[in-house]
Amino acid sequence: MSRGPHAPHAQQASAGQGVSTGEKASTGEKVLRYALLLAVLALTVGPFLWQLSTSLKSTTEDVYTSPPRFLPSHPTAHNYAAVADIIPVWDYALNSLKVAAASVLTNLAGASAAGYALARLRFRGRRAAGLAFVAAVLVPLESIVVAQFTMMRDLELNNTLVAVVLPGAVGALNVLLMRNAFSNLPYEIEEAAVIDGANVWQRFVRIALPSVRGTLAVVAVFSFMGAWDDFLWPLIVLSDPDRFTLTVGLNYLHGTFQQDPRLVAAGTVIAVAPLVVMFACLQRYFFRGVGEGAVKG
């Protein structure tokens, strides 16, 4: 009987040790997670920050010094002005903006309509159409680029910005993303609209699209990035320098001024800046696209 009063204390001490061990383990896990995040951040963002630093260095600074210096001693924006003096970088940027904006609009309209049809409508060949979009994702661009060029030539669209936009006007991956988002929507919402007399287009525009704004933001970001960063297809289909996109135009900096990495770095920052701005504006909706289709209470 004398051991009875001490048993609860022993259990409490044992429980306290278990909690302490768990806390230490969780702290170690947090340290490991933050270390991994910092490593990934250094690998992904580090090169861009180095390019930004290089673009701000003056001609009196040695960019190849050892050990390397990350921060410029005398920051200057002269390299950006020099890029604009060497090539019409702002005209190229305007061409890229036209292509990217057109790609975003066509993908938002086409991918959302196709995704809604695959997810909510019943028609013959629906499964085959879905498999066709999956197969299109698996086909690399290099294997069909000759066929695309021949098609643009037959349509007499070569050397035009329209030819740059058309192959990526409706991306297969974007269609699959929209189909998944529409498939997660509860059918009860549309059934109520059908009872009220809404047709397919009214259900699509007024009910389905407002419920998948997160996925629409994901499609917009992917479309803009794909069109803005594309280099191979504009290089093939465009021959007039006045119609070059930014990625093709900046290629001249590597060939002519390969001994001056400051200009190349400045051109890189100019090319990446719009992507950063767009993602910053849409990040609120971008991260909501993962759990799209949930019912709000």
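Given the structure is predicted, the values throughout are model-derived calculations rather than measurements.

What counts, and at which threshold
Residues numbered from 1 in each chain as written. Predicted model: local features only at pLDDT ≥ 70, side-chain atom pairs only at ≥ 80, totals over all residues. Heavy atoms only, no water. Patch = residues over 30% accessible without salt bridge, like charges linked within 9 Å, V, L, I, M, F, W, Y side chains within 5 Å. Areas by Shrake-Rupley, 256 points an atom, 1.4 Å probe, with all protein chains shown as cover. Salt bridge = Lys/Arg side-chain N within 4 Å of Asp/Glu carboxyl O. Helix = DSSP H or I, 4+ residues; strand = E, 2+ residues; numbered from the N terminus. Buried < 20%, exposed > 50% of the residue type's maximum accessible area, 1.4 Å probe, protein only. Axes fitted to C-alpha atoms, helices over the stretch in contact; angles between N-to-C directions. Parallel < 35°, antiparallel > 145°, perpendicular 65-115°, else oblique. Contact = heavy atoms within 4.5 Å. Nonpolar A, V, L, I, M, F, W, Y, C, P; charged D, E, K, R; others polar. Polar contact = N/O pair within 3.5 Å; in protein donor to acceptor, adjacent residues only side chain to side chain.

J.: Help me understand a nonpolar patch on the surface, please; the structure alone is not making it clear to me.
T.: Taken together, the side chains of Val139, Leu141, Ile144, Phe231, Leu232, Leu235 and Ile236 define a hydrophobic patch exposed on the protein surface, amounting to about 480 Å² of accessible area. Note on placement: Leu232 falls in helix α11 (residues 232-237). The exposure class of Leu232 is partly exposed, given its relative accessible area of 31%.

J.: What exactly am I supposed to notice about the packing of helix α2 (residues 78-86) against helix α13 (residues 261-286) here?
T.: When two helices pack together, their arrangement is given by the angle between their axes and by how far apart the axes lie. In contact at an axis separation of 9 Å, α2 and α13 are set at 90° when each is read in the N-to-C sense. With respect to each other, α2 and α13 are oriented roughly perpendicular. Residues Asn79, Tyr80, Ala82, Val83 and Ile86 of α2 form the contact with α13, whose participating residues are Arg262, Leu263, Ala266, Gly267, Val269 and Ile270. Classifying every residue of the contact of α2 with α13 gives eight nonpolar, two polar and one charged.

J.: Just to check I follow, could you spell out the side chain of Asn79 for this structure?
T.: If you trace the backbone, Asn79 turns up in helix α2. Judged by relative accessible area, Asn79 falls into the buried class, the value being 3%. Within polar-contact distance, the side chain of Asn79 engages the backbone oxygen of Ser55 at 2.7 Å. Not counting residues up to four positions away in its chain, the partners in contact with Asn79 are Thr54, Ser55, Leu56, Lys57, Arg262, Leu263 and Ala266.

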